[in-house]
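Below, each chain spelled out in residue letters.
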Amino acid sequence: MSALPPSVLFACSHNAIRSPMAEGLAKRLYGNTAYMDSVGVHAGELDSFAAAALDELGVDLHAHRGKSFDDVDPTSFDLIVTLSPEAHHSALEFTRSAATDVEYWPIPDPSAVEGSREARLDAYRRTRDMILARLKARFGTPGGPTL
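Residues numbered from 1 in each chain as written. Predicted model: local features only at pLDDT ≥ 70, side-chain atom pairs only at ≥ 80, totals over all residues. Heavy atoms only, no water.

Within the element layout of this structure, Leu-83 appears in the loop between strand S3 (79-82) and helix H3 (85-94). For the pair Leu-83 and Glu-103, spaced 20 residues apart in the sequence, the C-alpha separation amounts to 8.8 Å. (Helix = DSSP H or I, 4+ residues; strand = E, 2+ residues; numbered from the N terminus.)

The following block contains the structure:
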């Protein structure tokens with residue numbers, strides 16, 4: 001575990017599932033102690049299962065709008081946490097000549113799971129819980145809001 005840097009960018013492939021989940025959970029856990037944002041290699045629409053999985057914890061993602069690396073300056077962040085191989089490659093390219101740290105957290109894409117609505121939602125819950133565990137392991141458990 002290490003201290004939460006002043007600014008963290010979460011990145012995945014489409015800014016539709018994993019990175020918005022990470023941003024929403026981090027904002028809930030750490031509030032205004034750091035600036036949090038999220039992007040994708042490509043900007044996509046928020047996945048409704050991702051929103052539903054976070055709704056269960058009282059974290060609202062419904063206002064989220066997908067962004068790509070082109071919509072932010074990745075080098076203005078202290079840490080970029082990548083959640084997909086494609087995002088990791090892009091983050092390394094963007095920060096090649098910057099003092100930005102990049103960490104890869106391999107989180108599976110829950111949209112690959114097929115089956116009933118409940119089976120699919122369970123996959124998103126597992127993804128949510130993996131991200132939450134990684135956040136707490138990396139940055140600690142704050143004394144404020146709990147998840």
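In terms of strand pairing, S3 meets strand S4 (residues 101-104) through 4 bridges, oriented parallel. Residue pairing across strands places Leu-79 opposite Asp-101, the latter belonging to S4. (Pairing = 2+ DSSP bridges.)

Further remarks concern the pattern of salt bridges. Counted according to the given criterion, the structure contains 9 salt bridges. In this structure, Glu-93 engages Arg-96 in a salt bridge whose closest nitrogen and oxygen atoms are separated by 2.5 Å. The exposure class assigned to Glu-93 is partly exposed, which follows from its relative accessible area of 40%. In this structure, the salt-bridge partner of Asp-122 is Arg-125, at a minimum N-O distance of 2.5 Å. Here Arg-125 and Asp-122 lie together in helix H4 (residues 117-139), a separation of 3 residues that amounts to about one turn. Classification of Arg-125 by relative accessible area gives buried; the value is 19%. Here the salt bridges share partners, and the residues they tie into one network are Glu-56, Glu-118, Asp-122, Arg-125, Arg-128 and Asp-129. (Salt bridge = Lys/Arg side-chain N within 4 Å of Asp/Glu carboxyl O. Buried < 20%, exposed > 50% of the residue type's maximum accessible area, 1.4 Å probe, protein only.)

With that out of the way, let us pick up the sheet that holds S4. Sheet architecture is open: 4 strands sit in the order S2-S1-S3-S4, paired in parallel fashion. Pairing within the sheet leaves two strands with one partner each, and these edge strands are strand S2 (35-40) and S4. With direction set aside, neighbouring strand axes in the sheet form an average angle of 20°. Across the face of the sheet, helix H1 (residues 18-30) comes into contact with strand S1 (7-12) and S2 while running at roughly 175° to S2. (Axes fitted to C-alpha atoms, helices over the stretch in contact; angles between N-to-C directions. Contact = heavy atoms within 4.5 Å.)

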